[in-house]
Amino acid sequence: GYDVISGLTHLWEQQTPPVDSQPYLPVSSLSRVSWMGDIEHRDLDEASGLAASLRNDDVLWSLNDSGGKPELFALTTKGKHLGRWSVAVERAVDWEALESFVWQGQAYLLFSYVADNLRWCRTLTLHVVRAPKLAEAGTLPVFRSIRYQYPVGFRARQAVTVDEIR
């Protein structure tokens, strides 16, 4: 699904206006960022998405960005490795966004390639898996995959979120 011409054309087009020119977005206050530790697992070398576990305190979920295998990692807030799970998809296409949420009493993880920075992918996919327990091992089956397109064309995004009420 790659289109090199549209990717290169994108580099010369005008970009979406900056966030501060879009008044419908709420303004958030800045928070202090503190160094907590180093990521222990060597294979989590391009950690992109990061989401807090909704099942365990002090546990984070992460994944690799471009070129990574289809897998999720659990680590402590200090970076200590807690586990690694393969995801039952053919390949990870530049996963960079990750969110944890609860639906009907069950913890889930949602992840995707959402940026499409060079406008190569006309259709993107969100994947949802049940969040594993840390003591479980093995491959995570995909609970649900959602294919979508941005309604107004290509967009460069870096995050996802879940509205648990809808």
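Everything numeric in this text was worked out from a predicted model, so none of it was measured.

1. Comments concerning the overall build of the chain
Of regular secondary structure, the chain possesses 1 helix and 9 strands. In sequence order, the secondary structure elements of the chain are arranged as α-β-β-β-β-β-β-β-β-β. When burial is assessed residue by residue, the chain has 37% of its 166 residues classed as buried. Here the analysis covers contacts within the chain between residues at least 6 apart in sequence; of these, 50% occur between residues at least 24 apart. A total of about 11100 Å² of accessible surface is found on the chain, and carbon and sulfur atoms cover 53% of it.

2. A short note on the packing of aromatic side chains
Two aromatic rings, taken as a pair, are described by how far apart their centres are and by the angle between their planes. According to the stated counting rule, one finds 5 aromatic pairs in the structure shown. Counting every residue linked through ring pairs, the aromatic cluster contains Phe101, Trp103, Tyr108 and Phe143.

3. A look at the nonpolar core
Of all hydrophobic cores here, the largest spans 18 residues; its most connected members are Leu72, Val87, Trp95, Leu98, Leu109, Phe111 and Val129. Looking at this core, the elements with two or more residues in it are strand S2 (59-64), strand S3 (71-76), strand S4 (81-87) and strand S6 (106-112). Membership of the second largest hydrophobic core comes to 9 residues, among which are Leu110, Leu126, Val128 and Tyr148.

4. Observations regarding the sheet that holds strand S1 (residues 47-52)
In spatial order, the strands read S1-S2-S3-S4-S8; together these 5 strands make up an open sheet with mixed pairing. The two strands at the open ends of the sheet, each matched to only one other strand, are S1 and strand S8 (139-140). Bridge count for S2 against S3 is 4 bridges, and the pairing is antiparallel. Looking at S3, one finds that leucine 60 is bridged to leucine 75.

5. What to know about the confidence of the model for the chain
The predicted model of the chain has a mean per-residue pLDDT of 78, with 66% of residues at 70 or higher. For the chain, helix H1 (residues 4-12) is the element with the lowest average pLDDT, namely 56, and S8 is the one with the highest, namely 96.

Here is what the cut-offs are and how they apply
Residues numbered from 1 in each chain as written. Predicted model: local features only at pLDDT ≥ 70, side-chain atom pairs only at ≥ 80, totals over all residues. Heavy atoms only, no water. Helix = DSSP H or I, 4+ residues; strand = E, 2+ residues; numbered from the N terminus. Buried < 20%, exposed > 50% of the residue type's maximum accessible area, 1.4 Å probe, protein only. Contact = heavy atoms within 4.5 Å. Areas by Shrake-Rupley, 256 points an atom, 1.4 Å probe, with all protein chains shown as cover. Phe/Tyr/Trp six-rings, centres within 6.5 Å; stacked < 30°, edge-to-face > 60°. Core = buried A, V, L, I, M, F, W, Y, C linked by side-chain atoms within 4.5 Å. Pairing = 2+ DSSP bridges. pLDDT = per-residue confidence, 0-100.

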